Amino acid sequence: MKPTYSGKTIVIIGGASGIGRECALLFAQHGGNVFIADWNIVEAEKTVEAIQKDGFKAKAEKLDITDSKNVERYFNSFITIDILVNAASVLVLKDAIETTIEEWLRLISINLTGTFIACKYAITAMKKANKGGSIINFSSSTGNYDAAPNSVAYVSSKGGVTLLTKALASDYAKYGIRINAVAPGPTDTAMIRECMSDSELERLQSTLPTRKFGHPRDVANVVLFLASEEASFINGAIIAVDGGQTAKIS
Ligand SMILES: NC(=O)c1ccc[n+]([C@@H]2O[C@H](COP(=O)([O-])OP(=O)(O)OC[C@H]3O[C@@H](n4cnc5c(N)ncnc54)[C@H](O)[C@@H]3O)[C@@H](O)[C@H]2O)c1
């Protein structure tokens, strides 16, 4: 049975591109009322246009997830939020010596603190509305349990998102609010295409059990399931969507 999100309010942070965009398309196609918040308003509006062209509902807002005052204002503007998807992140592929303090602080403030800020204000709104809710955060195959070379800030941020998700899940289940995360493996989006050369992408692809990158839809399908009633006893889980990347030793 396909889940329906008719009448549900779904906020997607980072819904202008890649996996977040695919989540926006899919939730809208399943009847949801989709709100995309992204600092790239041009691409966010394009996603909204694509959704509306097919007769579904969506709206975009320019929002920097690190701007806590604006994030609080944004979440306060909803009467109810049923589902929050926290897909906004950036990637820096450098080791500790190469990573500047500014790069470290910026990445942690977007990937980890930004996820915390959105969760904090979404949970506040969900608790107030007293109707429960579901949050899906984004960890990563690199950083969930294990690190990867040359990505010290990114894997540290994603390890933080994993434990943030578990901490929130145990605190707010009593209010009917479930908080889970997906941990995608390499997925074909701007994030990896902009940070890696063609030969690096080819090399990475050849190490995967599937020998191919995931499609954003592969991850979005799991996000939709986690948000659904069918997943009502899943809480504090980090679901690998990585084609088996983390299942193999070498
Ligand atoms: N693509 C992969 O291989 C991969 C692998 C593991 C995990 N992930 C995770 O999946 C999630 C989605 O990644 P993607 O590959 O779709 O990336 P993407 O770059 O295509 O999309 C990220 C989106 O986040 C937005 N964003 C970034 N910083 C923001 C900020 N401060 N405020 C508001 N919006 C901001 C961007 O504008 C963009 O729309 C991320 O959390 C990423 O870490 C991706």
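Here is what the cut-offs are and how they apply
- The residue numbering used here restarts from 1 in each chain and proceeds along that chain's sequence as written.
- In view of the model being predicted, local features appear only for residues whose pLDDT reaches at least 70, and side-chain atom pairs are presented and counted only at 80 or more, with totals across whole chains, interfaces and linings using the full set of residues.
- The basis for the side-chain values is all heavy atoms of the structure; hydrogens and waters are excluded.
- Note: two strands are recorded as paired if DSSP finds a minimum of 2 bridges between them.
- A run of H or I in DSSP counts as a helix once it spans at least four residues, and a run of E counts as a strand once it spans at least two, with each numbered from the N terminus.
- Each axis is a line fitted through C-alpha atoms, and for a helix only the stretch in contact is used; angles between axes span 0 to 180 degrees, taken between their N-to-C directions.
- Any residue with at least one heavy atom within 4 Å of a molecule or strand is counted as near it.
- Contacts described as polar in this section are N or O atom pairs within 3.5 Å, which, within protein, must combine one atom able to donate a hydrogen with one able to accept it, while residues neighboring in sequence count only if both atoms come from side chains.
- For this classification, Asp, Glu, Lys and Arg are treated as charged, while Ala, Val, Leu, Ile, Met, Phe, Trp, Tyr, Cys and Pro are nonpolar and the rest, including Gly, are polar.
- Each angle gets one of four labels, with under 35 degrees taken as roughly parallel, over 145 as roughly antiparallel, 65 to 115 as roughly perpendicular, and the rest as oblique.
- The sense of a crossing depends on the near helix, which, turned anticlockwise from the far helix by less than a right angle, makes the crossing left-handed and, turned clockwise, makes it right-handed.
- In this description, contact between two residues means that some pair of their heavy atoms is separated by no more than 4.5 Å.

1. A word on the sheet that holds strand S5 (residues 133-138)
Then step 1. The seven strands lie next to each other as S3-S2-S1-S4-S5-S6-S7, forming an open sheet whose pairing is parallel. Taken across any chain shown, the strands that pair with only one partner, and hence form the sheet edges, are strand S3 (57-62) and strand S7 (238-241). Taking each pair of neighbouring strands and ignoring which way they run, the sheet shows an average axis angle of 20 degrees.
Then step 2. Pairing geometry for strand S4 (residues 83-86) and S5, over four bridges, is parallel.

2. A few points about the site of the ligand
Then step 1. Around the ligand, a shell composed of 27 residues is seen, among which Ser17, Ile19, Asp38, Tyr154 and Thr189 lie nearest.
Then step 2. In this structure, a nitrogen atom belonging to the ligand sits 3.0 Å away from a side-chain N or O atom of Asp64.
Then step 3. Taking Lys158, its side chain carries an N or O atom lying 3.0 Å from an oxygen atom of the ligand.
Then step 4. Mapped onto the shell around the ligand, the elements with two or more residues apiece are helix H1 (18-29), helix H5 (152-172) and helix H6 (190-195).
Then step 5. Taken together, the residues of the shell around the ligand break down into 14 nonpolar, ten polar and three charged.

3. Topic: the packing of H1 against helix H8 (residues 216-227)
Then step 1. It is the contact of H1 with H8, at a shortest axis distance of 8 Å, that shows an interaxial angle of 55 degrees. Considering the angle they form, H1 stands oblique to H8. The chirality of how H1 crosses H8 is right-handed. Contacts between H1 and H8 involve Gly18, Ile19, Glu22, Cys23, Leu26, Phe27 and Gln29 on the former and, on the latter, Pro216, Arg217, Val219, Ala220, Asn221, Val223, Leu224 and Ala227.
Then step 2. A breakdown of the residues in the contact of H1 with H8 according to their chemical character gives ten nonpolar, three polar and two charged.

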